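# Per-entry structural report
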2 protein chains.
Amino acid sequence: MTTSDIRTPASNQNADANSAADNGEAGTSIGWHKAYVTGSRPDLQVPVRQVHLTNGKAVTLYDTSGPYTDPNVDTDVRRGLPPLRENWIIARGDTEEYAGRPARPEDDGLKHTSPRGGLKNLDAVFPGRPRQPRRGRDGKAVTQLAYARRGEITPEMEFIGIRENIDPEIVREEVAQGRAVIPANVNHPEIEPMIIGKRFLVKVNANIGNSAVTSSIEEEVDKMTWATKWGADTVMDLSTGRNIHTTREWVLRNSPVPIGTVPLYQALEKVDGRAEDLTWEIYKDTVIEQAEQGVDYMTVHAGVRLPYVPLTANRKTGIVSRGGSIMAAWCLAHHKESFLYEHFEELCEILAAYDVTYSLGDGLRPGCIADANDEAQFAELRTLGELNTIAKRHNVQTMIEGPGHVPMHKIKENIDLQQEICEEAPFYTLGPLTTDIAPAYDHITSGIGAAMIGWWGTAMLCYVTPKEHLGLPNRDDVKTGVITYKIAAHAADLAKGHPGAQDWDDALSDARFEFRWEDQFNLALDPDTAREFHDETLPAEPAKTAHFCSMCGPKFCSMKISRSINEQFGGTEAANATADEIAEGMLQKSKEFAASGNRVYLPMAD
Amino acid sequence: MTTSDIRTPASNQNADANSAADNGEAGTSIGWHKAYVTGSRPDLQVPVRQVHLTNGKAVTLYDTSGPYTDPNVDTDVRRGLPPLRENWIIARGDTEEYAGRPARPEDDGLKHTSPRGGLKNLDAVFPGRPRQPRRGRDGKAVTQLAYARRGEITPEMEFIGIRENIDPEIVREEVAQGRAVIPANVNHPEIEPMIIGKRFLVKVNANIGNSAVTSSIEEEVDKMTWATKWGADTVMDLSTGRNIHTTREWVLRNSPVPIGTVPLYQALEKVDGRAEDLTWEIYKDTVIEQAEQGVDYMTVHAGVRLPYVPLTANRKTGIVSRGGSIMAAWCLAHHKESFLYEHFEELCEILAAYDVTYSLGDGLRPGCIADANDEAQFAELRTLGELNTIAKRHNVQTMIEGPGHVPMHKIKENIDLQQEICEEAPFYTLGPLTTDIAPAYDHITSGIGAAMIGWWGTAMLCYVTPKEHLGLPNRDDVKTGVITYKIAAHAADLAKGHPGAQDWDDALSDARFEFRWEDQFNLALDPDTAREFHDETLPAEPAKTAHFCSMCGPKFCSMKISRSINEQFGGTEAANATADEIAEGMLQKSKEFAASGNRVYLPMAD
C-alpha cells in the first residue's frame, strides 16, 4: 500500500512518533506510530504500524497491538474495547440476541455449595455486562465459511485483504475452500479481523492462562495485551482452577485478537478434576458458556479415540497433551468411544451458530523425539481428516493442530500428510521442538522447527516459551516466546516468497549499511532490546550517528570500506557484468579509483 | 561406550557428583563429573562427561570443558595446561625445535618507537615461554592429512575415534579424503584432539576477541574457558587493537580446544590500519608469528579476487566480512590481484610445516537477505574450490567458510554447491541468519539456519550471539550463543541420524516422564537455568520430587495420566498392533482397567 492511503490519527500527525506509541511502558521508546487504512466504508479502519525513518521514508508493517497503541482511543479494562464489528454482524441480519446461559459459581471453579450465590465478582467487574449474547437465527450457520461459500465478501474479508495487502476475493476464495479460517465469534465484536491460512502471512499464537498453582486474573489480561504488543496474532486462554470464567470475560472484552480456549479444561474443573465424571452434557454446557462469551476458536480433542489409546502405551512419554490425556482417561474409564467423537455433529451445530472455529486438537502428539511420527499420532490425524470433512459440511471453519516434538528430518512428513488428509485445512503447530535436551531454551529448540514447518505450509505457529516443561511463563517469557515465534513466522514468510515480506528486511539492512542506527532500532522486531544492547557497549549519544559499530571499532569497519566501493562502482554496469567482463574493464576502473586518491579505507579522522 | 570402559579420577570416585564439576562457579551445581576413557596407550585419555541419574544409570556425553572440570588437575592460567600431545608430536620425529621469531612491540599493536624495547608484558606473564616453537623438518608437511594419506592412524585419530564413538580407521579415511579436518598445530600440544567433518558430530565455534573499543586480556581468556565449559568445540580469537599477541599467547596456552584466528586483522594493525600498506611480507611474517604460537586454523580470505570486487557494488550491504573488505580495499588501491591469491602456494608451505588448517574465508558472503546467493558470493566460492585443491596438493588440511544471511529456501543451494565445488571439504558456516529484522535476537535468526545447514552437511557452525550487529558480547552473550548453537548442532545430529545422538534426548525424556526432576536438570544442556526456571514457579524442595509440574498443577498432569495408561498397556503386544487389532482386544483390556479401580486420573491426595 502507498503511504497516501494511510490515515494518521489527527492528534498524532505532528506528534513525536516515539511518544505516540509509548503504550504506557516506562522506559520504552518505540519510533513508530499507529495509523489506519480506510476500506470501502468509513467504519472499516485497518490498523498499521508506521515506522518513520530518518531519511524521510516510512515503512508500513502489520500491527497486532490493537487500540492500546492509538493515543486517540481511551482504553479502560473495565469497559473493554469498542465493538468494532458489531454493526457488521447486526447488518447481516442472521443473528439474534437472547438471554443466554446465566453464569454459575462452578463456572469459576467455585463449589456448588459456595456461599456466593452467583458470580458477584463478574458483576462487579462488568456491571450489566456489555451486551446480551448473540447466535445464529433458526439454526443458521453464521460463519465466514458460509458467507464465503455463497460468494459474499464480508467486511471482515475486506479488512483482511487490506491488512494482508491481498485481493479480498482471494481471501473469500481461500476461506470458501477451507484453506483459511477467520476466527471471529459473533460475540467477540472487539477483534480486528485476521486470517489463518497458508497463502497469508504466517501467524503466531501466544498461550496465557493461570493454573491451580499460581497466577492471577490481572496478570493474564496484562499478558494478553503484552503478547499482542509484541506481535501475537491470537491468544489462547488455557486457564484452569479458579476464576476461569471471569478471567476469560476480562480477556475477551479487552482483546483485539481472536481468543482460543480448550473447553475441556473448564469442563473438568466442573467435575472436580475427575475425568471419568465428565459427560457430554457438561462439556456441551461449557462450550455454550464460552461461545456466548465470545471465544473465537476452540481446541477439541475429538480425535483421541478409544482404540488409539493403547497405541501410546509403549511410547517413551505417552500422552503429553492435557486434553488428550483427559479424553484417554475417560475412554478407558468407561470402556467407550470418546463422547466428543460420538457427539461431533451436534457440536458442529453449536459452533456454527456462533461462528466458533474448530481447532481440532492433536491429543496424541509426540512429547519427545523418540515418539515422533508414530502410529498413534498419525491414526489420530486420519480421524481429524474425517472430522474436518464433517465440520465443513456444517459450515464450521476448521484448523488442525500439529506437534509437538519432531526431529528436523521428520517435520515435512507432518505437514505433507496433514495437508493431504485434511484437504489443505490450515495447520496449526506447537513448534515442533527439534530436540529434547534443552529445557529452559525450548523457545529456540521449537523456533527452529516452527520456521521450517511454516515455510512448508503451516499457517499458524503456537509459541513455546523458555519456561516450557519447567514452569509458568512470566511477562519476560511471554515476550521472548512471541519474539522468537515472530522470527520463525517471518523467516517462513521470506522462504515462501510472501509478497512484500522482504521489504522489512531490506529496510533494516539499508539502515544498517547507511549507519542509520535509530532506524535500525525502530525497524527491529524488538526496538527496546536492540537499543539497550547497543548502548551497553557504546552508550554515548554520538554513537547513534557513528559510522562504525562496536564490533570492529572506528578504523576497522567493513561496511565503511564497502560503502566506498559502492561509491566507486555502484549503479554502473559492473554489478550486472560477469567476472570476465569486469576483469577487462578493470584497468579503466582502477585508474578512476587512483584518481580519487586511493582513499578506500578512510581513517576515522576523515 | 560402556560405563566399564570409563576411568573416574581417583579423588572423584566417592565424591559428590555435583561438587566435582563445580568449576569454581559460585552458585552452580552441575550433576555430572569428568571421567576418561583410556585408549591403546596410557597417555591417551579421552575426556567424557558422566551424568549420574537418580535411577542408578549413567549417561555419557561428549565433553569440551578441558582439564578445568577435573578436580585432579591443578590449573593455573600463568602456567597453562599440560601439553597432552607433546610426546605424540615428538615421537613422530618429523618436527624440530628452533629459535623462532622474536616477539616484537608491533605484534602487540605498540608503536615501533615505543619505549618498551620488547614485549616485557609477555615475558612477565610466561617467563621463558613454555617451549621453543616447532616445525616440520626439511620442509615436510607434518599434517594429519599427510599421515592419513599414508595410512597412519595417529594418536589424535584414535583419540577422536573414542571421543566420537567411531572406528579410528573411519577417522583416518575421512581425513585422508579431505572430508574432515583435525585442527592441531604442532605448537598447540595442549588441545584435546577433535574433528570437523560431516560424518562426525556437528561442531560449534565461539568467537572471542577484544576490539579497539573495549575489552581486556583477562576477559578474553575467561570467555574462552567459559565458552568451552558450555560446549564450544573451537574458539576463534578475533582480537584487534592492542595486546593481541599477548592475548593470543594466554588463550592458546590455556585452551583445551583448537584456536582459530584471522591473521589479516593483526597484519593490518601492524600497518596502522592502512589496508593499502599491507604487503605479502608483513602478512607472511604474521602467519609465522601465529603458527609458532600454536594457532590451529587460520581464516584466509584468498578468494576475494580483484575482478569480484565490483560484483559487490550494487549489493544492498556490500562486503560485510572484515577480512573481505580489507582485501577488496587492497586490491582496489593497488589495481592488483590479491597478494593472498598470488602467494597461496607459498602460504600452503608455511601452514603445512606447522599443521595449521586452512579455513578459506568467504570474504564476499552476503550481509543481508537481499544479497544471498548472488554472483559475488558464488564467484568467490568457485575460487575457494580451486584453492582447496591446491591446499590439498600441499597436504594442508582445509575447510571452507560459508554465509552469512540467507533465507531458508536458499540455504540448501549453499551447502550443495560448496560440497560439489570443494570436493566435500568441511563446510564451516556463520549461521546463516534467516532474516534481518531481529537485531538483539540474531542467535535465534541464525540458529534456525544453522540447524538446517548442519542437517544438510555443514560440519561446523560459527555461533552468533545476541549482540551481533549491535555490540561486543559479554559473558552472558557468549553462553547464550554457545547454548543456542549446541541446540542447532544437536538437532542436526539427530536429523542426520548420527549414531547415539538420540540417546541424550531419550535419557532426558525418560527422566521427564518419570518425574525425575534432578535428572532432567542434570541432563539439560544448561542445568543451571533449567533448575532456576523450575524454582521460580515451585521453589520448595519437595517440588523436585513432585509427580507434576507447575504448568498444569497437581491434579491436571497429562504425564501422570499417561503413566497410568502405560502401566495398563505397556510392554504388551498392544503397542505394536494396528488400531483394528486393538479394537478387537479392547474389551478384555477395559475389564482389566475396571478391575484396577478406574484410577487413571489420580487425585493428588493419592
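Because the structure is a prediction, the values reported are computed rather than measured. (Residues numbered from 1 in each chain as written. Chains lettered and ligands numbered in written order. Predicted model: local features only at pLDDT ≥ 70, side-chain atom pairs only at ≥ 80, totals over all residues. Heavy atoms only, no water.)

Here we come to the pattern of salt bridges. Overall, the coordinates contain 89 salt bridges over all chains when judged by the stated rule. In this structure, the salt-bridge partner of Arg-104 of chain A is Asp-285 of chain A, at a minimum N-O distance of 2.9 Å. Here Asp-285 of chain A lies in helix α10 (residues 280–293) and Arg-104 of chain A lies in the loop between β5 (95–97) and α3 (120–125), a separation of 181 residues in the sequence. Judged by relative accessible area, Asp-285 of chain A falls into the partly exposed class, the value being 22%. Lys-284 of chain B is the salt-bridge partner of Glu-346 of chain B, the closest N and O atoms lying 3.0 Å from each other. Taken together, the residues span a long stretch of sequence, with Glu-346 of chain B in helix α13 (residues 344–354) and Lys-284 of chain B in helix α10 (residues 280–293) at a distance of 62 residues. On the basis of relative accessible area, Glu-346 of chain B is assigned to the partly exposed category, the value being 28%. (Salt bridge = Lys/Arg side-chain N within 4 Å of Asp/Glu carboxyl O. Helix = DSSP H or I, 4+ residues; strand = E, 2+ residues; numbered from the N terminus. Buried < 20%, exposed > 50% of the residue type's maximum accessible area, 1.4 Å probe, protein only.)

The next point concerns the sheet that holds strand β9 (residues 203–208) of chain A. All names here are of chain A. A barrel is described by the order of its strands in space; here eight strands give the closed sequence β9-β10-β11-β12-β13-β14-β15-β16, paired in parallel fashion. When the angles between neighbouring strand axes are averaged without regard to direction, this sheet yields 25°. Here strand β15 (residues 427–430) pairs with strand β16 (residues 460–462) via three bridges, running parallel. For Leu-430, the partnering residue across the bridge sits in β16 and is Cys-462. (Pairing = 2+ DSSP bridges. Axes fitted to C-alpha atoms, helices over the stretch in contact; angles between N-to-C directions.)

Enumeration over the complete set of coordinates arrives at 18 aromatic pairs over all chains. Ring geometry for Trp-88 of chain B versus Phe-159 of chain B: centroids 6.4 Å apart, planes at 55°, classification tilted. Separated by 71 residues along the polypeptide, Trp-88 of chain B in helix α2 (residues 86–92) and Phe-159 of chain B in helix α5 (residues 155–164) bring together distant segments of the chain. When its relative accessible area of 1% is taken as the criterion, Trp-88 of chain B is described as buried. Look at Phe-159 of chain B and you get buried, because its relative accessible area is 0%. Of the aromatic side chains, those joined through ring pairs into one cluster are Trp-280, Tyr-283, Trp-330 and Phe-339 of chain A. Across the ring face of Trp-32 of chain A, the terminal group of Arg-49 of chain A is positioned such that the distance to the ring centre comes to 3.9 Å. Between the NZ or CZ atom of Arg-305 of chain A and the centre of the ring of Tyr-341 of chain A, over which it lies, the distance is 4.3 Å. (Phe/Tyr/Trp six-rings, centres within 6.5 Å; stacked < 30°, edge-to-face > 60°. Lys NZ or Arg CZ within 6 Å of the ring centre and 35° of its normal.)

On to the confidence of the model for chain A. Residues and elements named next belong to chain A. This prediction gives chain A a mean pLDDT of 86; 79% of its residues lie at or above 70. Here residues 10–29 is a poorly scored stretch, pLDDT under 50, and it has 33 contacts once near neighbours within four places are set aside; other chains count. Two numbers describe this predicted complex: its pTM, 0.90, and its ipTM, 0.90. (pLDDT = per-residue confidence, 0-100. Contact = heavy atoms within 4.5 Å.)

Once that is clear, we can look at the sheet that holds strand β11 (residues 259–261) of chain B. Residue and element names in this part refer to chain B. The strand order β9-β10-β11-β12-β13-β14-β15-β16 describes a closed barrel built from eight strands, whose pairing is parallel. Between one strand and the next, the sheet's axes are offset by a mean angle of 25°, whatever the strand orientation. Packing against the sheet, helix α14 (residues 375–393) makes contact with β13 (357–360) and β14 (398–402), and its axis sits at approximately 165° to β14.

Let us now look at the side chain of Gln-144 of chain A. Residue and element names in this part refer to chain A. Here Gln-144 lies in helix α4 (residues 144–149). Accessibility expressed as a relative area gives 1% for Gln-144, which makes it buried. A polar atom in the side chain of Gln-144 sits 2.8 Å from the side chain of Thr-154. Discounting chain neighbours no more than four positions away, the residues touching Gln-144 are Arg-92, Thr-154, Glu-156, Met-157, Val-175, Ile-182, Asp-355 and Gln-397. (Polar contact = N/O pair within 3.5 Å; in protein donor to acceptor, adjacent residues only side chain to side chain.)

One finds Tyr-283, Tyr-358 and Met-408 of chain A together with Tyr-283, Tyr-358 and Met-408 of chain B to be the most contacted residues of the largest nonpolar core, which totals 270 residues. Ignoring sequence-local partners within four residues, the contact set of Met-408 of chain A consists of Thr-434, Ile-448 and Met-452 of chain A together with Ala-451, Met-452, Trp-455, Ala-491, Ala-492 and Ala-495 of chain B. (Core = buried A, V, L, I, M, F, W, Y, C linked by side-chain atoms within 4.5 Å.)

Right, let's talk about unusual backbone geometry for a bit. Note that the residue after Gly-431 of chain A, namely Pro-432 of chain A, is joined by a cis bond; omega there is 10°. Structurally, the position occupied by Pro-432 of chain A is in the loop between β15 and α16 (442–455). Here the amide bond leading from Pro-403 of chain B into Gly-404 of chain B is cis, since omega sits at 10°, within 30 degrees of zero. Along the chain, the position of Gly-404 of chain B falls in the loop between β14 and α15 (411–421). The backbone phi angle of His-469 of chain A is positive, close to 75°, even though this residue is not glycine. With respect to the secondary-structure elements, His-469 of chain A resides in the loop between β16 and α17 (475–495). Under the relative-accessibility criterion, His-469 of chain A is labelled buried at 15%.

Here we take up the environment of Val-271 of chain A. All names here are of chain A. Among the secondary structure elements, Val-271 is positioned in the loop between α9 (263–270) and α10. Overall, the relative accessible area of 7% leaves Val-271 in the buried class. Measuring from C-alpha to C-alpha, the distance between Val-271 and Leu-238 comes to 17 Å, with 33 residues separating the pair along the chain. Each residue touching Val-271, except ones within four places of it in the same chain, is listed here: Asp-277, Leu-278 and Ile-282.

With that settled, consider the pairing of β14 of chain B. All names here are of chain B. Among the five residues in β14, five count as buried, and that is most of the element. Note that β13 and β14 share three bridges and pair parallel. Of the residues in β14, the one forming a bridge with Ser-359 is Met-399. Handedness of the crossover is the feature at issue here: the chain leaves β13, passes through α14, returns alongside β14, and the resulting connection is right-handed. (Right-handed = clockwise from strand over helix to strand, strands pointing away.)

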